[in-house]
Protein chains: 2
Amino acid sequence: MTASLPAPLNPPVRLLMGPGPSEIHPRVLRALAANTVGHLDPYYLGLMNDMQQMLRALFRTENPMTMAISATGSAGMESTVVNLIEPGDSMIVCVNGVFGERMVDVAGRAGANVTRVDRPWGEVFEPSHLKEALAKAKPKVVGIVMAETSTGAWQPLEEISQLVHDAGALLLVDAVTALGGVPVEVDKWKIDAIYSGSQKCLSCPPGLAPASFSPAALEVILNRKTKVQSWYLDVSMLAKYWGSERVYHHTAPINMTYGLYEAARIILEEGQEAAFGRHLRNHQALKAGLAAIGIRYASAEGHQLPMLNAVHIPAGIDDAKVRGGLLNCFGIEIGGGLGAFKGKVWRIGLMGHGSRQTNVLTFLGALEQLLAEQGYKFEQGASVAAANGVYLAK
Amino acid sequence: MTASLPAPLNPPVRLLMGPGPSEIHPRVLRALAANTVGHLDPYYLGLMNDMQQMLRALFRTENPMTMAISATGSAGMESTVVNLIEPGDSMIVCVNGVFGERMVDVAGRAGANVTRVDRPWGEVFEPSHLKEALAKAKPKVVGIVMAETSTGAWQPLEEISQLVHDAGALLLVDAVTALGGVPVEVDKWKIDAIYSGSQKCLSCPPGLAPASFSPAALEVILNRKTKVQSWYLDVSMLAKYWGSERVYHHTAPINMTYGLYEAARIILEEGQEAAFGRHLRNHQALKAGLAAIGIRYASAEGHQLPMLNAVHIPAGIDDAKVRGGLLNCFGIEIGGGLGAFKGKVWRIGLMGHGSRQTNVLTFLGALEQLLAEQGYKFEQGASVAAANGVYLAK
């Protein structure tokens, strides 16, 4: 068959304020278009070293086995699970949203004997919630999501890590939405396996999954009795490509790596602490603005992620109309609810380069217009004034 | 830890004449840098439809389940194998190079009972080579590589497909290097599962794996007794995202898809027959040029791929010196040998946008200079004259 030619590529300009992909820094877009070299070119091998060094800085780890998986964040999840789990191994998965659910599925496919521990959506896990399951399941691995993109809940990890290690298990963490927006302390918190995605607070298009494995995790992987079920994600082979031997494994995604390289460089130029502060401030401003017009968060107070603001859709307001209006009249993308939150929440991303005053104010102004159109009762201008109040405060 | 900032991104300009990545068309590089939209944006969903339509045209198939796997070609291999194979299933893998070897490994990890049929490197399979194994193994799936990137051998498929289907098996084909450079007739040849890579004759950077599944393959997948071991590559879920339901699965690699979209468009603009003719002509010119200075092909006569020219390194010539000279003095990358061919062959790619007269002549001129430096005995200028002879012939 022959196809008639489709239209030339001409994507509309969007303000990406959903759950990711987030706003891409123009320097990252330019980096993607840099001239391609081979995956075994001396220049590229040097770039891989620098890339690893920057990813270690972002993850705050000395782990030698720190690299970018050549696929999106979900493959990052799969890479950590399938390398650590052998058929029949016991694994606890903490579930309080879509991505915990996904991890249960991934772990089951890897042959894990999965014990799931559930918490209501929007809430987080306290160490006490895990004690019984740890004693009963005697897990090899405990998996938990640090920043639940479906609910906006920010999971503290330090105490849970202690508990998990006391029980002799390895800690596996989903940091897809967390990395770059809030502190992720791999070494200090003794995280054994962690993955992220390029398209959230790193402000790079989707396509790569930064990941890191502790020496303890690597030892488990190198002493497996069975082969890792995935050839593509087998860390024992990836270690030889990313390690000093540079043994060819698969053809690396060169230009995506250029993009992630530039993205990491931008974060380190700004400084991570400064970036975290910026994420927090813009979150506070957005939250103040939303509160001023009666919109509440779906995640528990004190555990709200700065980069992913999941809020209840006000009663009587048409979800699709607001999101459609944002997209079509303003070019603004926000996310709808997933799973149990479908039709009930909006997910507003302030991630990486997208975490900016201008975006907060633009969004609030546009939202006010669309709410007013639907007859929502509130004082017009209140959200912008409240957000500016946060910015004006010292 | 904090890292000092690495150097700004500044890749050297290379002429990519290795086994891939190949030369990227400038339009594709520009497409990569187009402004990112969300993976559920109406524009992106429309783009996915057009992308699928173009991939169907390239694969010459009506298969609804035709899409791009969100990872590199090796994940494409894994996607076809893990979806079709359940633990204990019988699978025949044809091995005459590195990528057949890889498929054996991947199939074993998926739990297949693998029967390997071997042929010497550089040669291809005749139907007669498979008859005994088919009768004995009664396979569910037969896997074969159409264009063995490690040897340059071009595997005919039509008769083997007939034989495989007569035996009641499904045919799984590696077309990583084939697609876009030689005809790949998925429907006519009744291929059940096929995958390729973006970085060969499609002239797009590595990162995506076009793939297609026949209705028969899809039926097998949808009637599995066990879940596909890989969540990320599970075609039953991918079918819902790429199908009309558009159920969110993973975050698609937006900008890489832009690149592949533009790359496919460029091929369809030229016309596939014209592209195949161009690949053949440049191959003939290169071959004539190399023959004129005594360099022979490593793959069997009559089965030499036009886009991947694997040739014997002449006796007494230092492999590393020539490849290093090409890279450092001319900016030309060619590939060394892999596996059994390590140190014995060069692999010269003339793929996609890289299959051009200028590249053939540049390469021959540079090679002559480097061979002369090592005291190789030949008539200087002979290779270029011979290549031009092919171009000048009607």
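Residues numbered from 1 in each chain as written. Chains lettered and ligands numbered in written order. Predicted model: local features only at pLDDT ≥ 70, side-chain atom pairs only at ≥ 80, totals over all residues.

S.K.: Outline the domain arrangement of chain A, listing residues and values.
M.R.: Residues and elements named next belong to chain A. Assigned domains of chain A: these are domain 1 (26-268) and domain 2 (272-392). Distance from the C-alpha centre of domain 1 to the C-alpha centre of domain 2: 29 Å. Taken residue by residue, the interface counts 22 residues in domain 1 and 24 residues in domain 2. The residue inventory of the side of domain 1 that touches domain 2, partitioned by class, reads eleven nonpolar, nine polar and two charged. (Domains from an automatic or database assignment. Contact = placed C-beta atoms within 7 Å. Nonpolar A, V, L, I, M, F, W, Y, C, P; charged D, E, K, R; others polar.)

S.K.: I'd like to hear about the interface of chain A and chain B, residue by residue, with values.
M.R.: Listed per partner, the contact involves 69 residues of chain A and 69 residues of chain B. Elements with a contribution of two residues or more to the side of chain A that touches chain B: α1 (26-32), α2 (42-59), α3 (73-84), α4 (98-109) and α9 (254-270) of chain A. At nine residues, α9(A) tops the list of elements feeding residues into the side of chain A that touches chain B. Within the side of chain A that touches chain B, the residues separate by chemical class into 34 nonpolar, 20 polar and 15 charged. (Helix = DSSP H or I, 4+ residues; strand = E, 2+ residues; numbered from the N terminus.)

S.K.: I'd like a rundown of the relation of the copies chain A and chain B, residues and numbers included.
M.R.: Look at the two chain copies: a rotation about an axis and a shift along it is all it takes to match them. For the pair chain A and chain B, the superposition axis carries a translation of 0.0 Å, the fit reaches an RMSD of 0.0 Å, and the rotation angle comes to 180°. As the rotation angle and translation indicate, the two copies are arranged about a two-fold axis. Ranked by how close their C-alpha atoms come to the rotation axis, the residues of chain A are headed by A:Ala71, at 2.4 Å. Here 100% of the interface residues in chain A have copies in chain B that are interface residues too; the copies meet face to matching face. (Least-squares fit on C-alpha atoms with pLDDT ≥ 70 in both.)

S.K.: Residue-level account of the sheet that holds strand β9 (residues 193-195) of chain A, with values.
M.R.: All names here are of chain A. With respect to topology, seven strands assemble into an open sheet ordered β2-β10-β9-β8-β5-β3-β4, the strand pairing being mixed. One side of each edge strand has no neighbouring strand; the edge strands of this open sheet are β2 (66-69) and β4 (113-118). On average, each strand axis in the sheet is tilted by 20° relative to the strand beside it, whichever way the strands run. Sheet topology note: the β9/strand β10 (residues 209-213) ladder contains three bridges and is antiparallel. (Pairing = 2+ DSSP bridges. Axes fitted to C-alpha atoms, helices over the stretch in contact; angles between N-to-C directions.)

S.K.: Hey, could you go over unusual backbone geometry for me, with residue numbers and the actual values?
M.R.: One can expect most non-glycine residues to show negative phi and most peptide bonds to be in trans. In this structure, the amide linkage connecting A:Gly20 to the following residue, A:Pro21, adopts the cis form with an omega of 5°. Within the secondary structure layout, A:Pro21 lies in the loop between β1 (15-16) and α1. Residue A:Lys190 is not a glycine yet carries a positive backbone phi of 55°. Checked against the element boundaries, A:Lys190 lands in the loop between β8 (170-174) and β9. The class of A:Lys190 is partly exposed, set by 17 C-beta atoms lying within 10 Å. If you check the backbone angles, B:Lys138 has positive phi at about 40° while not being a glycine. (Buried ≥ 20, exposed ≤ 12 C-beta atoms within 10 Å, placed from the backbone.)

S.K.: Describe the sheet that holds strand β2 (residues 66-69) of chain B, with residues and values.
M.R.: Residues and elements named next belong to chain B. The strand order β2-β10-β9-β8-β5-β3-β4 describes an open sheet built from seven strands, whose pairing is mixed. Edge positions in the open sheet fall to β2 and β4 (113-118), since each of these has one partner strand only. Recorded for the sheet is a direction-independent mean angle of 20° between the axes of neighbouring strands. Bridge count for strand β3 (residues 90-95) against β4 is six bridges, and the pairing is parallel. Residue pairing in the sheet places Ser90 in a bridge with Asn113 of β4.

S.K.: For the pairing of strand β13 (residues 345-349) of chain A, give the residues involved together with the corresponding values.
M.R.: Residues and elements named next belong to chain A. Counting buried residues in β13 gives five out of five residues, a clear majority hidden from the surface. Where burial is concerned, the two faces of β13 agree: the one with Val345, Arg347 and Gly349 and the one with Trp346 and Ile348 are both buried. Pairing geometry for strand β11 (residues 308-312) and β13, over five bridges, is antiparallel. Of the residues in β13, the one forming a bridge with Leu308 is Gly349.

S.K.: Describe the environment of A:Ser230, with residues and values.
M.R.: Inspection of the secondary structure assignment puts A:Ser230 in the loop between α7 (215-222) and α8 (235-242). Residue classification places A:Ser230 among the buried positions, given that 25 C-beta atoms sit within 10 Å.

S.K.: How would you summarise helix α11 (residues 319-330) of chain B if you had to cite specific residues and measurements?
M.R.: Residues and elements named next belong to chain B. The end-to-end C-alpha distance of α11, which contains twelve residues, comes to 16 Å, matching closely the 16 Å that a straight helix rising 1.5 Å per residue would cover. Among all positions in α11, only Val322, Leu326 and Leu327 are buried. Taken end-on, α11 shows its buried residues confined to a sector of 125°, consistent with a single buried face. Seen from the buried face of α11, the exposed residues on the opposite side, beyond 90 degrees, are Ala320, Lys321, Asn328 and Cys329. Those residues of α11 that are buried lie in contact with β12 (332-333) and α12 (357-373). Positive backbone phi, at 70°, marks Gly331, one or two positions downstream of α11. (Expected span 1.5 Å × (residues − 1). Arc of directions from axis to C-beta.)

S.K.: Tell me about the packing of helix α12 (residues 357-373) of chain A against helix α13 (residues 382-392) of chain A, and please be specific about residues and values.
M.R.: If you want to describe how two helices pack, look at the angle between their axes and the distance between the axes. All names here are of chain A. In the contact formed by α12 and α13, the axes pass within 9 Å of each other and the chain directions differ by 160°. Looking at the two axes, α12 sits roughly antiparallel to α13. Seen along the crossing, α12 lies across α13 with a hand that is right-handed. Here α12 contributes Gln357, Val360, Leu361, Leu364, Gly365 and Glu368 to the contact with α13, which in turn contributes Ser383, Val384, Ala387 and Tyr391. Broken down by class, the residue content of the contact of α12 with α13 amounts to six nonpolar, three polar and one charged. (Parallel < 35°, antiparallel > 145°, perpendicular 65-115°, else oblique. Left-handed = near helix turned anticlockwise from the far one by under 90°.)

S.K.: I'd like a description of the confidence of the model for chain A, backed by residues and values.
M.R.: Looking at chain A, the pLDDT average stands at 97 and 99% of residues meet or exceed 70. At the level of chain-chain contacts, confidence expressed as ipTM amounts to 0.97, with global pTM at 0.98. (pLDDT = per-residue confidence, 0-100.)

S.K.: Describe the nonpolar core, and please don't skip the residues or the numbers.
M.R.: Within the largest apolar cluster, 268 residues are counted, with the highest numbers of intra-cluster contacts made by A:Ala107, A:Ala175, A:Leu260, B:Ala107, B:Ala175 and B:Leu260. A:Ala107 has contacts with A:Val81, A:Ile85, A:Met91, A:Val93, A:Ala112, A:Val114 and A:Gly143, leaving out every residue within four places of it along the chain. (Core = buried A, V, L, I, M, F, W, Y, C linked by C-beta atoms within 7 Å.)

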